[in-house]
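A structural walkthrough
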Amino acid sequence: MYEVEQLIDGAWSPGGGDLTVRDPADGQPVSRVPVASPADVDAAVKGAREAAPAWARMAPADRGAALRRAADAVESAADRLAEAITAEMGKPLEGARASVDAGVGTLRQYAELGPLHRGAALAGGADTVDLMAHEPRGVVAVITPWNDPVAVSCGLLGAALVTGNTVVYKPSERTPATGWLLARLLNEYLPARVLSLLTGGGEVGAALAGHEVDVVAHVGSTAAGRSIAAACARTGAKALLENGGSDPLIVDENVDPQWAAEQVALGAFANSGQICVAVERVYAHRATAPQFLAALVQECHELRVGPGRDPRTDLGPLVDRRHRDHVHAQVTEAVSEGARLLCGGTVPEGPGAYYAPTVLADCTDEMAVMREETFGPVAPVMVVNSFDEALSRAADSPYGLAATVLTADWEHAQRAWRELPVGTVKVNAVFGGAPGGAAHPRRGSGQGFGYGPELLDEMTVVKVGHLAQPPH
Ligand code: NAD
């Protein structure tokens with residue numbers, strides 16, 4: 001059992017407390033966690049504020065070196081972190097380990113990029129110095145989700161810290177021990193009070209987001225992101241929001257239906273569908289749809305659902321039963337509205353929060369499973385008559401995170417890239433992309449760059465200097 005501690009004003013609090021996290025594989029208790037009080041939030045922000053000037057004055061190369069050492073420590077503890085991820089949110093161990101490695105890579109990238117994040121000299125007069133320089137914003141609240149807890153946190157923490165901000169970190173209440181282990185490792189290499197850790201649920205996140213911080217960097221649901229944006233409008237803090245999605249995937253005519261099914265199975269079922277850029281709705285061209293659907297159902301039958309600790313497992317459980325209820329409610333509602341269940345869609349007997357990969361055919365635009373984020377292993381499919389129809393239905397969404405198009409037609413690929421109103425368009429590959437790719441999410445999916453070198457810009461403000469000579 002993890003007895004999670006908070007890090008407030010440079011001191012670790014006693015561990016354990018009010019919240020218990022249960023292993024979604026078997027319901028056994030995994031972590032005991034304190035819930036931060038309003039006084040804890042006050043003290044953490046005050047400590048971070050006081051520590052900010054000295055950390056901001058440290059040479060960027062020294063901050064980068066500290067982050068590099070912290071990344072080495074996280075790498076050495078990767079197995080322990082991966083075990084905590086699997087125990088708290090169910091992800092298969094191998095995938096959990098890969099996501100810790102991704103987090104280590106991100107920390108190292110920011111350790112190198114931070115000192116290179118330079119400003120510009122301006123073309124002023126011969127007797128003046130004119131320049132633009134980045135400065136840290138001050139105190140950054142980093143509020144993170146449970147679905148990829150180490151990788152997502154490492155990005156925001158790395159970029160905020162290396163640019164000279166102090167951080168108050170609030171990991172998800174569903175993966176608090178993972179956040180605590182990560183914070184312990186990082187804190188070893190940072191001056192006191194540069195990093196604080198608060199634990200608890202949305203109410204703690206809301207108290208932090210409404211406090212006197214300079215940036216609230218939130219990765220999580222659209223509903224929480226909207227309430228954070230409102231809090232930031234009141235305090236004047238910058239809101240950086242990477243939120244939910246309902247990513248479409250288009251299966252064009254003339255693509256190999258078996259390959260299309262493999263792409264959809266990967267996009268919709270990896271991490272049991274609990275990925276921000278998971279495939280959430282599929283538009284299949286009428287010419288390809290029958291073979292594609294048959295192949296997709298076959299893919300489902302080949303996937304093994306089980307505990308994340310079992311190396312044979314493809315799909316671990318969902319994060320908890322509350323989330324499974326949400327996923328199952330969308331599936332049963334779609335079926336009651338006329339969708340055809342081709343596989344999955346039932347809640348298994350026994351312990352844990354398992355849910356089989358599910359395929360729904362004959363879906364319509366109005367169904368919640370097509371309009372809202374499901375965040376589960378569900379592939380709802382609508383058959384379309386043309387690429388034009390697929391494109392316009394794919395574009396019609398309250399979200400704007402990412403989209404995938406499977407096509408052999410170069411003109412269709414170009415149109416998809418230009419016309420879809422989302423941050424990222426992927427053609428013929430459901431995941432992947434060049435390192436450093438960072439997009440602006442749109443509409444309900446958030447605002448600002450949450451990734452890549454551009455995140456360093458988000459974490460800093462630019463100051464212009466015009467330094468003239470005094471009169472002789
Ligand atoms: P969530 O928003 O419920 O929780 C995320 C964090 O926000 C948690 O720490 C939580 O305690 C906190 N929180 C909740 N309500 C809050 C409020 N009112 N004010 C301040 N903080 C609050 O999201 P989740 O369920 O943990 O994560 C899943 C969601 O995250 C999905 O919607 C997924 O798409 C999204 N996500 C997005 C990205 C991205 O890059 N766009 C990446 C990963 C996950």
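Not measured: the values here are computed from a predicted model.

1. Describing helix α10 (residues 289–302)
For α10, which comprises 14 residues, the first-to-last C-alpha distance of 20 Å matches the rise-based estimate of 20 Å (1.5 Å per residue) to within 8%. Along α10, the positions that sit buried rather than exposed are A289, F292, L293, A295, L296, V297, E299 and C300. Residues of α10 that are buried sit in contact with β13 (247–251), α9 (257–269), β14 (279–285), β15 (340–343), β16 (358–361) and β17 (378–384).

2. Looking at the pattern of salt bridges
Pairing of side chains with opposite charge becomes possible as their charged atoms draw close. By the definition in use, this model includes 23 salt bridges. Notably, a salt bridge pairs K170 with E173, separated by 3.4 Å at the nearest N-O pair. When its relative accessible area of 29% is taken as the criterion, E173 is described as partly exposed. Between R312 and D310 there is a salt bridge whose closest N-O contact spans 2.8 Å. Take R312: its relative accessible area is 52%, and that puts it in the exposed class. One continuous salt-bridge network, built from bridges that share partners, spans D9, K46, E50 and R193.

3. Description of the nonpolar core
Counting residues in hydrophobic clusters, the biggest one holds 57 residues, and the most contacted among them are V74, V100, L157, V167, Y169, L186 and M459. Residues L249, V255, A265 and C343 belong to the second largest nonpolar core, which totals 27 residues.

4. Looking at the sheet that holds strand β23 (residues 460–467)
Taken together, 3 strands build an open sheet; the order of strands is β6-β7-β23 and the sheet is antiparallel. The strands lining the two open edges of the sheet, one partner per strand, are β6 (120–121) and β23.

5. Digging into the domain arrangement of the chain
Segmenting the chain into domains produces domain 1 (2–243 + 445–466) and domain 2 (247–427). Counting from both sides, the interface comprises 18 residues of domain 1 and, opposite them, 24 residues of domain 2. Buried area between domain 1 and domain 2, summed over both chains or domains, comes out near 1,700 Å², and the portion from carbon and sulfur atoms is 51%. Linking domain 1 to domain 2 there are 2 salt bridges. Across the pair D23 and R309 runs a salt bridge, and its minimum N-O distance is 2.3 Å. For the pair domain 1 and domain 2, the number of links is 9 residue pairs in polar contact (both at pLDDT 80 or more).

6. Quick word on the sheet that holds β16
Within a sheet, each strand pairs with its neighbour through backbone hydrogen bonds, oriented either parallel or antiparallel. The strand order β15-β16-β17-β14-β13-β19-β20 describes an open sheet built from 7 strands, whose pairing is mixed. Each of the sheet's edge strands pairs with one partner strand only, and the pair in question is β15 and β20 (424–427). Going from strand to strand, the sheet's axes swing by 20° on average, the running direction of each strand aside. Bridging between β16 and β17 involves 3 bridges; their strand directions are parallel. Each bridged residue has a counterpart across the sheet, and for T358 the counterpart in β17 is V378.

7. Digging into the site of the ligand
Neighbouring the ligand are 29 residues, the closest being K170, E173, S221, E373 and Y451. Interatomic distance of 3.0 Å between a side-chain N/O atom of W146 and an oxygen atom of the ligand. Expressed as a share of its isolated accessible area of 850 Å², the protein-covered part of the ligand is 89%. For the shell around the ligand, the elements supplying multiple residues, two or more each, are α7 (202–209), β11 (215–219) and α8 (222–235). For the shell around the ligand, the residue count by class is 12 nonpolar, 12 polar and 5 charged. Looking at which domains feed residues into the shell around the ligand, each of domain 1 (2–243 + 445–466) and domain 2 (247–427) gives three or more.

8. Some remarks on the packing of helix α2 (residues 60–76) against helix α4 (residues 93–113)
Close contact between α2 and α4 brings their axes to 8 Å; oriented N to C, the two are set at 165°. When the axis of α2 is compared with that of α4, the two are roughly antiparallel. At the point where α2 passes α4, the crossing takes the left-handed sense. In this structure, α2 uses G64, L67, R68, A71, D72, V74 and E75 to contact α4, whose residues at the interface are V100, V104, L107, R108, Y110, A111 and E112. A breakdown of the residues in the contact of α2 with α4 according to their chemical character gives 8 nonpolar, 1 polar and 5 charged.

Rules used in this analysis
- Residues numbered from 1 in each chain as written.
- Predicted model: local features only at pLDDT ≥ 70, side-chain atom pairs only at ≥ 80, totals over all residues.
- Heavy atoms only, no water.
- Helix = DSSP H or I, 4+ residues; strand = E, 2+ residues; numbered from the N terminus.
- Expected span 1.5 Å × (residues − 1).
- Buried < 20%, exposed > 50% of the residue type's maximum accessible area, 1.4 Å probe, protein only.
- Contact = heavy atoms within 4.5 Å.
- Salt bridge = Lys/Arg side-chain N within 4 Å of Asp/Glu carboxyl O.
- Core = buried A, V, L, I, M, F, W, Y, C linked by side-chain atoms within 4.5 Å.
- Pairing = 2+ DSSP bridges.
- Domains from an automatic or database assignment.
- Buried area = accessible area lost by both parts, 1.4 Å probe.
- Polar contact = N/O pair within 3.5 Å; in protein donor to acceptor, adjacent residues only side chain to side chain.
- Axes fitted to C-alpha atoms, helices over the stretch in contact; angles between N-to-C directions.
- Near = heavy atom within 4 Å.
- Areas by Shrake-Rupley, 256 points an atom, 1.4 Å probe, with all protein chains shown as cover.
- Nonpolar A, V, L, I, M, F, W, Y, C, P; charged D, E, K, R; others polar.
- Parallel < 35°, antiparallel > 145°, perpendicular 65-115°, else oblique.
- Left-handed = near helix turned anticlockwise from the far one by under 90°.

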